[in-house]
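For reference, the chains in residue letters:
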Amino acid sequence: MSKKRQLAAPKVEVPISETALKNEIRDATTTISSEIKSKQVNRIANFLQDLPDEELLRFEFYVRSHLTRNRVKDVMKEALSVKEVDDEMAIIVGGLTKLFIGELCDHAVDVIEETGESANIRPDHI
């Protein structure tokens, strides 16, 4: 009895063009990005459903508020005595400023609740 030997097919690497490789990477990245975005949207939707109405309203105001990049740049130039400020730095400082203002408002609301007032936020609450 003779055994038949099966020969393994040699591995042949097909050269891929740079454009095809870039397209393949872009497609894979897009697929992964869309899956991540979908998960993030679901998490945010679940988070927002659990918020009380007052907190939801506060969150909506927070999301809608913004500081213009040019104004942030102007303030930074004046405060730091520099001639130029990068866009990226202005975006970062604008975001941090928005967070800081949110914290100030939260503190002011706590002060209002502690004192039993029912007024709008005033400077003495901060």
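All figures in this text were calculated on a predicted structure; none of them were measured in a lab. (Residues numbered from 1 in each chain as written. Predicted model: local features only at pLDDT ≥ 70, side-chain atom pairs only at ≥ 80, totals over all residues. Heavy atoms only, no water.)

**Student:** Mind laying out the packing of aromatic side chains, listing which residues take part and the relevant values?
**Tutor:** Under the criterion given, the structure shown has one aromatic pair. Ring geometry for Phe47 against Phe59: centres 6.3 Å apart, planes inclined by 75°, an arrangement best described as edge-to-face. Of this pair, Phe47 sits in helix 1 (residues 18-50) while Phe59 sits in helix 2 (residues 53-64), placing them 12 residues apart in sequence. Using a relative accessible area of 44% as the deciding quantity, one classes Phe47 as partly exposed. (Phe/Tyr/Trp six-rings, centres within 6.5 Å; stacked < 30°, edge-to-face > 60°. Helix = DSSP H or I, 4+ residues; strand = E, 2+ residues; numbered from the N terminus. Buried < 20%, exposed > 50% of the residue type's maximum accessible area, 1.4 Å probe, protein only.)

**Student:** So what about the side chain of His125? Which residues, and what values?
**Tutor:** Positionally, His125 belongs in the segment after helix 4 (87-115). By relative accessible area, His125 is classed as buried at 2%. A polar side-chain atom of His125 sits 2.9 Å from the main-chain amide nitrogen of Arg122. The contacts of His125, once residues within four sequence positions are left out, are His107, Ala108, Val111, Ile112, Glu117 and Asn120. (Polar contact = N/O pair within 3.5 Å; in protein donor to acceptor, adjacent residues only side chain to side chain. Contact = heavy atoms within 4.5 Å.)

**Student:** A description of the packing of helix 3 (residues 69-80) against helix 4 should follow, citing residues and the corresponding values.
**Tutor:** Two numbers describe how helix 3 lies on helix 4: the axes approach to 9 Å, and their chain directions differ by 95°. The angle between the axes of helix 3 and helix 4 places the two elements in the roughly perpendicular class. In contact with Arg69, Val72, Lys73 and Met76 of helix 3, helix 4 contributes Asp87, Met89, Ala90, Ile91, Val93 and Gly94. When the residues that make up the contact of helix 3 with helix 4 are grouped by side-chain class, the tally is six nonpolar, one polar and three charged. (Axes fitted to C-alpha atoms, helices over the stretch in contact; angles between N-to-C directions. Parallel < 35°, antiparallel > 145°, perpendicular 65-115°, else oblique. Nonpolar A, V, L, I, M, F, W, Y, C, P; charged D, E, K, R; others polar.)

**Student:** Explain the layout of surface pockets residue by residue, including any values.
**Tutor:** By volume, the largest pocket amounts to about 700 Å³. Of all elements in the fold, only helix 2 and helix 4 reach the threshold of two or more residues within the lining of the largest pocket. With nine residues, helix 4 is the single largest residue contributor to the lining of the largest pocket. Split by residue class, the lining of the largest pocket holds 14 nonpolar, four polar and six charged. (1 Å grid on protein atoms, 1.4 Å probe; cavity = no way out; pocket = protein on both sides within 12 Å on 5 of 7 lines; lining within 4 Å. Points joined across faces, edges and corners; volume = space filled by probe spheres on them.)

**Student:** Now, about unusual backbone geometry: what can you tell me, with residues and values included?
**Tutor:** Even without being glycine, Ser81 reaches a positive phi, approximately 55°. Relative to the elements of secondary structure, Ser81 occurs in the loop between helix 3 and helix 4. Assessed through its relative accessible area of 65%, Ser81 is described here as exposed.

**Student:** Tell me about a nonpolar patch on the surface, and name the residues and values.
**Tutor:** A cluster of nonpolar side chains, contributed by Tyr62, Val63, Met89, Ile92, Leu96 and Leu99, occupies part of the molecular surface with about 550 Å² of accessible area. When residues of the nonpolar patch are traced back to their parent elements, those giving at least two are helix 2 and helix 4. No other element matches the four residues that helix 4 contributes to the nonpolar patch. Locating Ile92 in the fold gives a position in helix 4. (Patch = residues over 30% accessible without salt bridge, like charges linked within 9 Å, V, L, I, M, F, W, Y side chains within 5 Å. Areas by Shrake-Rupley, 256 points an atom, 1.4 Å probe, with all protein chains shown as cover. Salt bridge = Lys/Arg side-chain N within 4 Å of Asp/Glu carboxyl O.)

**Student:** Tell me about the pattern of salt bridges, residues and numbers included.
**Tutor:** For the coordinates displayed, the defined rule picks out eight salt bridges. With a closest N to O distance of 3.3 Å, Arg58 and Asp106 form a salt bridge. Placement of the pair is Arg58 in helix 2 and Asp106 in helix 4, with a sequence separation of 48 residues. On the basis of relative accessibility, which here comes to 27%, the residue Arg58 falls in the partly exposed class.

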